[in-house]
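What follows is the residue order along each chain.
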Amino acid sequence: MAAHAADDAAQMALGKKLFTTATPACAICHTLKDAGAEGAVGPVLDELQPEASRVAKALRDGVGSMPSFKSSLTEAQIAALALYVSKASRGGK
């Protein structure tokens, strides 16, 4: 169980880092309190509280004016970012 918690924490840390450092950074467009982001273009993630699968699909395929990150992020990075956004938007749950 401890290994799973450590892995989860590592995924969350990587996801949070990617939220602000991916190109373009998610934080530019999206508001997410946990990341200190106050973007005004995309949905407010704290209100949307998307499932990780929905975030991963948006990252891979793009949606609306959001570009696809399929060519700039690995699947592992997409998974970490999706987990982070999903959990952080729900207050870590």
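Residues numbered from 1 in each chain as written. Predicted model: local features only at pLDDT ≥ 70, side-chain atom pairs only at ≥ 80, totals over all residues. Heavy atoms only, no water.

Within the sequence span of helix α4 (residues 52-61), burial applies to Val-55, Ala-56, Ala-58 and Leu-59. Seen end-on, α4 carries its buried residues on one side only, within an arc spanning 160°. Of the exposed residues in α4, the ones pointing more than 90 degrees away from its buried face are Ser-53, Arg-54 and Lys-57. In this structure, the buried residues of α4 make contact with α5 (75-88). Phi for Gly-62, located one or two positions after α4, is positive at around 75°. (Buried < 20%, exposed > 50% of the residue type's maximum accessible area, 1.4 Å probe, protein only. Helix = DSSP H or I, 4+ residues; strand = E, 2+ residues; numbered from the N terminus. Arc of directions from axis to C-beta. Contact = heavy atoms within 4.5 Å.)

Enumeration according to the criterion identifies 5 salt bridges in this entry. Between Arg-60 and Glu-75 there is a salt bridge; the shortest N-O distance is 3.0 Å. Highlighted residues: Arg-60 in helix α4 and Glu-75 in helix α5, separated in sequence by 15 residues. For Glu-75, a relative accessible area of 47% translates into the label partly exposed. (Salt bridge = Lys/Arg side-chain N within 4 Å of Asp/Glu carboxyl O.)

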